[in-house]
Amino acid sequence: MSVREALMSHLNQTGCSQRAVATSIGISASAISQYLQNKYPGDLEALERKITQYLKLSLQREEYPRLQFSFIETSVVKQVHEIATACHTSNHIGIVTGESGLGKTTAVKRYLELNPDVLVIYGRPSITTKSILKEIALKVNADAQGSVDDVFLRIVRKLKGSGRMLIIDEAEHLTARVLDQLRRLNDSEFAGIGILLVGLPRLLQILCSQRGDHKYLYSRVGWNVAVQALTDSDCQNFVASALPSAKNLWRTYADCARRNARSLRNLLARSLEIATINRAPIDAELIRQTSKILIN
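Residues numbered from 1 in each chain as written. Predicted model: local features only at pLDDT ≥ 70, side-chain atom pairs only at ≥ 80, totals over all residues. Heavy atoms only, no water.

## Topic: helix H6 (residues 104-114)
For the record, the criterion: Three labels apply to residues, based on accessible area from a 1.4 Å probe with only protein chains included: buried if under 20% of the type maximum, exposed if over 50%, partly exposed otherwise in between. Strands here are runs of E lasting at least two residues and helices are runs of H or I lasting at least four, both read from the DSSP assignment and numbered beginning at the N terminus. Summarising the geometry, the arc corresponds to the directions from the helix axis toward the C-beta atoms.
All of the buried residues in H6 are Lys 104, Ala 107, Val 108 and Tyr 111. The arc that holds the buried residues of H6, viewed along the axis, is 100°, so those residues lie on one side.

Written as structure tokens, this is what we have:
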């Protein structure tokens with residue numbers, strides 16, 4: 001099969017567009033079209049080398065082992081959802097903290113799927129009072145232009161009496177000023193909505209060490225939970241769901257991943273790849289060796 005025939009076969013079988021191929025190999029879509037029509041005026045040999053390499057890499061990607069991770073209702077997810085439900089129904093302020101990779105964000109995303117009326121904002125170091133209010137305004141279809149006070153009052157008019165809830169993930173990035181403005185959305189004289197702050201352990205440390213700056217928020221916290229590592233049952237379910245053939249090795253996976261959900265997913269995926277590449281069975285030693293090349 002010629003390179004041209006191989007490319008045409010690839011396009012037909014995968015549904016990939018000529019433009020996508022062109023972008024991948026760094027040429028124009030018109031050049032690919034000309035090539036397929038046998039009208040390419042440039043260096044044909046050089047182009048076919050690029051196409052051959054592209055097709056080789058595409059085949060390798062198709063054959064590369066990939067795990068499909070289904071949603072697992074872990075103990076962390078249950079804890080986050082319990083606090084979220086409490087804040088949602090009672091319009092309280094809650095705080096959930098835990099180390100990175102335990103599944104807090106996964107829990108937040110799942111809660112949003114189940115409760116589409118919830119507003120979710122992701123914190124970041126650069127976020128300001130104005131920028132976070134603009135994000136919230138856009139989510140509630142309010143005008144996001146104008147002063148901080150103007151945007152805030154428009155948000156209040158949209159949310160007051162709505163029974164909705166605001167979740168801030170990675171809330172440890174928020175400053176005292178931003179948190180205080182958000183706290184006002186919880187006040188009954190304003191929007192009166194529930195608020196859940198989710199973040200790393202330092203979120204609570206910041207609130208406690210700077211209690212003076214956060215006194216209005218701190219005194220209103222009705223729920224505070226620190227989530228822990230995955231349980232044995234969580235780890236068993238993870239391994240059995242993603243890699244059933246290795247379900248009896250769940251404890252090795254759990255120990256090497258330190259019962260961290262993100263590390264466990266990475267370890268499962270990488271161990272399968274290494275086993276496939278080396279045509280070796282997945283056993284305890286392979287898992288331990290794989291864990292050494294991962295950053296936990």
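After presenting the structure, the write-up continues.
## Remarks on the side chain of Arg 259
Heads up, the condition is: In protein, a polar contact requires one atom able to donate a hydrogen and another able to accept it; more generally it is a pair of N or O atoms within 3.5 Å, and residues adjacent in sequence count only if both atoms are side-chain atoms. Throughout, a contact is declared for two residues whenever any of their heavy atoms are within 4.5 Å.
If you trace the backbone, Arg 259 turns up in the loop between helix H13 (250-256) and helix H14 (261-277). A distance of 2.8 Å separates polar atoms of two side chains, one belonging to Arg 259 and the other to Asp 232. Not counting residues up to four positions away in its chain, the partners in contact with Arg 259 are Leu 102, Ala 229, Leu 230, Asp 232, Cys 235, Trp 250, Arg 251 and Ala 254.

## Thoughts on the packing of aromatic side chains
The cut-off we apply is this: Any pair of Phe, Tyr and Trp rings, taking the six-membered ring for Trp, is counted once the centres come within 6.5 Å. Such a pair is stacked with planes under 30 degrees apart, edge-to-face with planes over 60 apart, and tilted for the rest. Counting as a charge over the ring demands two things of the Lys NZ or Arg CZ atom: a distance within 6 Å of the ring centre and an angle within 35 degrees of the ring normal.
Overall, the coordinates contain one aromatic pair when judged by the stated rule. With centroids separated by 5.4 Å and ring planes inclined at 75°, the aromatic side chains of Phe 152 and Phe 190 adopt a geometry described as edge-to-face. With Phe 152 in helix H8 (residues 148-159) and Phe 190 in the loop between helix H9 (176-186) and strand E4 (194-199), this pair connects stretches of sequence that are 38 residues apart. Residue classification places Phe 152 among the buried residues on the basis of a relative accessible area of 1%. Between the NZ or CZ atom of Arg 4 and the centre of the ring of Tyr 35, over which it lies, the distance is 4.5 Å. Arg 110 extends its terminal NZ or CZ atom over the ring of Phe 71, reaching a point 4.4 Å from the ring centre.

## Overview of the layout of surface pockets
It is a probe the size of a water molecule, rolled over the atoms, that shows where empty space is left. The condition that has to hold: In the cavity and pocket records, a cavity denotes points on a 1 Å grid over the protein atoms alone where a 1.4 Å probe fits but cannot get out, a pocket denotes an open set with protein on both sides within 12 Å along at least 5 of 7 lines, and lining residues are residues with an atom within 4 Å of a point. Grid points are joined across faces, edges and corners, and a volume is the space filled by probe spheres set on the points. When residues are grouped by polarity, Ala, Val, Leu, Ile, Met, Phe, Trp, Tyr, Cys and Pro land in nonpolar, Asp, Glu, Lys and Arg in charged, and all others, Gly among them, in polar.
Taken as a whole, the largest pocket spans an internal volume of roughly 250 Å³. Ser 100, Gly 101, Lys 104, Thr 105 and Arg 262 are, among the 15 residues lining the largest pocket, the residues nearest its centre. In terms of residue count, H6 provides more of the lining of the largest pocket than any other element does, four residues in total. Partitioned by chemical class, the residues of the lining of the largest pocket number two nonpolar, six polar and seven charged. A volume near 160 Å³ is recorded for the second largest pocket.

## A few points about the packing of helix H7 (residues 129-139) against H9
What counts here: For helices, the fitted axis covers only the stretch in contact; all axes are lines through C-alpha atoms, and the angles between them, taken along N-to-C directions, range from 0 to 180 degrees.
Interaxial distance between H7 and H9 falls to 9 Å at its minimum, and their mutual angle equals 35°. Note on element contacts: H9 touches H7 through Arg 177, Val 178, Gln 181, Leu 182 and Leu 185, opposite Thr 129, Ile 132, Leu 133 and Ile 136. Across the contact of H7 with H9, the residue classes tally to six nonpolar, two polar and one charged.

## Comments concerning the sheet that holds strand E3 (residues 165-169)
Rule in force here: Note on pairing: two strands pair once DSSP finds at least 2 bridges between them.
Read from one edge of the open sheet, five strands run E2-E3-E4-E1-E5, paired in parallel fashion. Only two strands of the sheet have a single partner each, and these edge strands are strand E2 (119-122) and strand E5 (221-226). Each neighbouring strand pair of the sheet contributes to a mean axis angle of 15°, computed without reference to strand direction.

## What about the nonpolar core?
Defined as follows: The nonpolar core is taken to be a set of buried Ala, Val, Leu, Ile, Met, Phe, Trp, Tyr and Cys residues, with the residues joined through side-chain atoms within 4.5 Å.
Judged by nonpolar contacts, the single largest core of 40 residues is most densely connected at Ile 167, Leu 196, Tyr 253, Leu 264 and Leu 268. Elements supplying a minimum of two residues to this core: helix H5 (75-90), H6, E3, E4, helix H12 (232-242), H13 and H14. For this core, the element with the most residues is H5, which contributes six residues. Once residues lying within four places of it in the same chain are set aside, the contact partners of Tyr 253 are Val 239, Leu 243, Ala 246, Leu 264, Leu 267, Leu 268, Ser 271, Ile 282 and Ile 287. If you look at the next biggest cluster of nonpolar residues, it comprises 32 residues, including Ile 93, Ile 121, Leu 159 and Ile 195.

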